[in-house]
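Structural description and commentary
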Amino acid sequence: MKIYQYLQNTVTEKGAAYLVLLDPDKINEEHLPAFIRHCQKSGVDGFLIGGSLMLNDNFEPFIKKVKENTTLPAIIFPGDINQISPVADAILFLSVVSGRNAEHLIGKHVLAAPLVKKAGIEPISTGYVLIESGVTTTAQYMSGSLPLPRNKPEIAAATALAAEYLGMKLIYLEAGSGAENTVPDEMIKAVSKVCIVPVIVGGGIKTPAGARKKVECGAKIIVTGNFLEDENNWDMIKDFADAVHINKPVMV
Ligand code: 1GP
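Here is a short report on the structure shown in this document. (Residues numbered from 1 in each chain as written. Predicted model: local features only at pLDDT ≥ 70, side-chain atom pairs only at ≥ 80, totals over all residues. Heavy atoms only, no water.)

1. Quick look at the overall build of the protein
Regarding its fold elements, the protein presents 9 helices and 8 strands. Scaling as 2.2 N^0.38, a compact globule of 252 residues should have a C-alpha radius of gyration of about 18 Å, and the protein matches this with 17 Å. Its C-alpha atoms give the protein principal-axis dimensions of about 45 × 40 × 35 Å. For the protein, the proportion of its 252 residues judged to be buried stands at 52%. (Helix = DSSP H or I, 4+ residues; strand = E, 2+ residues; numbered from the N terminus. Rg over C-alpha atoms; globule rule 2.2 N^0.38 Å. Buried < 20%, exposed > 50% of the residue type's maximum accessible area, 1.4 Å probe, protein only.)

2. Focus: the pattern of salt bridges
Within this structure, the stated rule accounts for 10 salt bridges. Between Asp185 and Lys214 there is a salt bridge, with its nearest N and O atoms 2.8 Å apart. Within this pair, whereas Asp185 is found in helix H7 (residues 185-194), its partner Lys214 is found in helix H8 (residues 208-216), the two being separated by 29 residues in sequence. Overall, Asp185 belongs to the partly exposed group, its relative accessible area being 21%. Across the salt bridge formed by Lys238 and Asp242, the nearest N and O atoms sit 2.8 Å from each other. Residue Lys238 and its partner Asp242 are both found in helix H9 (residues 237-244); the two are separated by 4 residues, about one turn of the helix. Here the residues in one salt-bridge network are Asp185, Lys213 and Lys214, joined through shared partners. (Salt bridge = Lys/Arg side-chain N within 4 Å of Asp/Glu carboxyl O.)

3. Here we look at the site of the ligand
In the neighbourhood of the ligand, 13 residues make up the surrounding shell, with Glu174, Ser177, Gly178, Gly204 and Asn226 lying closest. Gly203 places a polar main-chain atom, nitrogen or oxygen, 3.1 Å from an oxygen atom of the ligand. Considering the ligand on its own, with 300 Å² of exposed area, one finds that the protein chains cover 97% of that surface. Residues that form the shell around the ligand fall into these classes: 3 nonpolar, 9 polar and 1 charged. (Near = heavy atom within 4 Å. Polar contact = N/O pair within 3.5 Å; in protein donor to acceptor, adjacent residues only side chain to side chain. Areas by Shrake-Rupley, 256 points an atom, 1.4 Å probe, with all protein chains shown as cover. Nonpolar A, V, L, I, M, F, W, Y, C, P; charged D, E, K, R; others polar.)

4. Brief notes about the nonpolar core
Counting 82 residues, the largest nonpolar core has Tyr18, Leu22, Phe35, Phe47, Ile171 and Leu173 as its most contacted members. When residues of this core are assigned to their parent elements, the largest contribution, 6 residues, is made by strand S1 (residues 17-22). Apart from the residues within four sequence positions on either side, Phe47 is in contact with Leu19, Val20, Leu22, Ile36, Cys39, Val66, Thr70, Leu72, Pro73, Ala74 and Ile75. (Core = buried A, V, L, I, M, F, W, Y, C linked by side-chain atoms within 4.5 Å. Contact = heavy atoms within 4.5 Å.)

5. Points about the packing of helix H2 (residues 32-42) against helix H3 (residues 59-68)
The interhelical angle for the contact between H2 and H3, taken along N-to-C directions, is 45°, at an axis separation of 9 Å. Between H2 and H3, the angle falls in the class oblique. Between H2 and H3 lies a crossing whose hand is right-handed. When H2 is examined against H3, the residues Leu32, Pro33 and Ile36 are found in contact with a partner set consisting of Phe62, Lys65 and Val66. Its residues assigned to classes, the contact of H2 with H3 shows 5 nonpolar, no polar and 1 charged. (Axes fitted to C-alpha atoms, helices over the stretch in contact; angles between N-to-C directions. Parallel < 35°, antiparallel > 145°, perpendicular 65-115°, else oblique. Left-handed = near helix turned anticlockwise from the far one by under 90°.)

6. Notes on the sheet that holds strand S6 (residues 170-174)
Taken together, 8 strands build a closed barrel; the order of strands is S1-S2-S3-S4-S5-S6-S7-S8 and the barrel is parallel. Adjacent strand axes in the sheet meet at a mean angle of 30° when their direction is disregarded. Relative to strand S3 (residues 74-76), strand S2 (residues 46-49) runs parallel, the two being bridged by 3 bridges. Considered in S3, the bridge of Ile49 is made with Ile76. (Pairing = 2+ DSSP bridges.)

7. Comments concerning the packing of aromatic side chains
Applying the stated rule across the entire model yields 6 aromatic pairs. Where Phe35 meets Trp234, the ring centres are 4.6 Å apart and the plane angle is 35°; that geometry is what we call tilted. In this pair, Phe35 is assigned in helix H2 and Trp234 in the loop between strand S8 (221-224) and H9, connecting sequence segments 199 residues apart. Comparing Phe35 with Trp234 shows no difference in burial state: the two are buried. With a centroid separation of 5.2 Å and an interplanar angle of 80°, the aromatic rings of Tyr128 and Tyr172 are classed as edge-to-face. Placement of the pair is Tyr128 in strand S5 (residues 122-130) and Tyr172 in strand S6, with a sequence separation of 44 residues. An aromatic cluster is present here, built from Tyr18, Phe227 and Phe240 joined pairwise through their rings. (Phe/Tyr/Trp six-rings, centres within 6.5 Å; stacked < 30°, edge-to-face > 60°.)

Honestly, that's just the spatial picture; any functional story needs more than this.
Okay, structure coming up:
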C-alpha cells in the first residue's frame with residue numbers, strides 16, 4: 001500500500017497529483033536523466049512508465065535509469081504482460097472496464113498476477129475507462145474494445161462505480177495518448193460525484209489551464225505524456241504541476 005498511500009497523501013496535501021507518463025519507445029534515452037531531474041525539480045509527483053508496443057526491448061534498464069535520477073515513485077502503466085519488472089515501485093493493475101473484451105477484463109491478469117507477485121511490486125487495482133475521443137486511439141485498438149461514448153457521463157459514472165464496488169482503488173478516465181479531445185468535463189464531474197476512490201484523467205491534455213480545469217471538475221490525478229515528448233515543451237512542466245496542485249498558492 002506504500003505507493004497508493006503516497007498518492008492519496010499527495011492528493012490530500014496538494015489537492016491533486018501530477019504524474020508524467022514515460023513511454024520507453026518514444027523518449028530519447030540520452031536525454032532521460034536530465035528530463036527526470038527536471039520533472040522532480042518542477043514539482044511532478046511521480047512517473048508512469050509503459051507503452052502500447054515496447055519495441056525497444058529496454059523496459060527494465062529504462063526504469064533503472066528513471067530510478068537512478070529521482071526519488072519519486074516509478075509506477076508501471078502496462079501495455080501488456082511483458083511490462084512487469086521488480087525495479088519499479090508499483091504497477092497499475094488495469095482492467096479495461098469500459099470494454100467487454102474478457103482478455104482485458106481478467107484474462108491477461110491471470111497471467112500477470114504471479115509475475116507481479118514474483119517481482120514484489122505493489123499492484124494498484126485500477127478500473128480503466130476508455131473514452132471516445134475523436135479518433136481511434138492506440139489504447140482502444142490494442143484493447144480490442146469499444147470506448148465509452150463521450151456524451152454519456154451517466155454510463156461513465158455507473159461504470160466507475162461498478163469498478164469501485166468490485167474493489168478497484170483508482171478509476172482512470174482515459175481519452176488515449178495524443179487524443180484529439182480530452183475526457184469531457186461533464187464526465188469527470190459525474191464520475192467524481194459518485195466515486196470515493198481517486199479519479200485519474202489523461203489523454204490529450206496539452207495546457208496547464210486544461211489540466212487545472214480537469215482538477216476543478218474532480219480529477220485527483222492528472223497524467224500527461226505526449227506533450228512532453230517534445231523537448232521544447234519541458235519549460236512548461238512547472239506550470240502544469242502548479243496548475244494541478246490546486247491547494248498550493250502559485251508564487252508570482
Ligand atoms: C495516455 O493518459 C495518458 O495513456 C497520457 O496521454 O500522452 O495524450 O498526454 P497523453
